[in-house]
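# Analysis of the macromolecular model
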Amino acid sequence: MASILCVEDNDDNLFMLQRRLTRAGFEVKIATNGAHAVEWAKTLQPDLIVMDLNLPGLSGWEATRRLKNEQETKHIPIIVLSSHFEETSRARAVAAGCDAYETKPADFERLVGIIRSLLGEAPKT
């Protein structure tokens, strides 16, 4: 079972993501800010991270940059899931090192497809 670290500070969004990703067959861990995301990623070594950008303290952009610059976490794929739909936000996230960028509200089937693709899994039918 692949593990996913969900980084989200909104309780409703977090509940939805955790519930739906668990139902899709993933083990889900949670971080509610960027600093915890960096710490948990180093400790847990998840297979993938779903990262919000607007986080208290350390932003998702900065957390992504740090994770992609650390030897022990740079291999972990990061999907940004954000309400920022502007191209400048997407460009900043890509420059920070994210592997995919999706906007909220999430198209969950598409998100799971991207997760499976980044994990090298065949799509489930």
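Attention here is on the structure that accompanies the text. Here the structure is a predicted model, which means the values were calculated and not measured. (Residues numbered from 1 in each chain as written. Predicted model: local features only at pLDDT ≥ 70, side-chain atom pairs only at ≥ 80, totals over all residues. Heavy atoms only, no water.)

## Concerning the sheet that holds strand β5 (residues 100-103)
The parallel open sheet is built from five strands, whose spatial order is β2-β1-β3-β4-β5. The sheet terminates laterally at β2 (27-31) and β5, the two strands that pair on one side only. For this sheet the average axis-to-axis angle between neighbouring strands, irrespective of direction, equals 20 degrees. As paired strands, strand β3 (residues 48-51) and strand β4 (residues 78-82) are joined by three bridges and run parallel to one another. Bridge pairing in β4 places Ile49 opposite Ile78. Sitting on the sheet, helix α2 (residues 34-44) is in contact with β1 (3-7), β2 and β3, with an inclination near 140 degrees to β2. (Pairing = 2+ DSSP bridges. Helix = DSSP H or I, 4+ residues; strand = E, 2+ residues; numbered from the N terminus. Axes fitted to C-alpha atoms, helices over the stretch in contact; angles between N-to-C directions. Contact = heavy atoms within 4.5 Å.)

## Quick look at the side chain of Glu102
Mapping Glu102 onto the fold places it in strand β5. Look at Glu102 and you get buried, because its relative accessible area is 10%. Separated by 2.9 Å, the side chains of Glu102 and Arg110 make a polar contact. Beyond its immediate stretch of four places on either side in the chain, Glu102 contacts Ile79, Val80, Leu81, Ser82, Arg110 and Ile114. (Buried < 20%, exposed > 50% of the residue type's maximum accessible area, 1.4 Å probe, protein only. Polar contact = N/O pair within 3.5 Å; in protein donor to acceptor, adjacent residues only side chain to side chain.)

## Here's the deal with the pattern of salt bridges
Counted under the stated rule, the structure contains nine salt bridges. One salt bridge connects Glu62 with Arg65, and the closest N-O pair in it is separated by 2.3 Å. Here Glu62 pairs with Arg65, and both are found in helix α3 (residues 60-69), just three residues apart, close to one helical turn. Judged by its relative accessible area of 36%, Arg65 falls in the partly exposed class. Three or more residues are tied together by salt bridges with common partners; here these are Glu8, Asp52 and Lys104. (Salt bridge = Lys/Arg side-chain N within 4 Å of Asp/Glu carboxyl O.)

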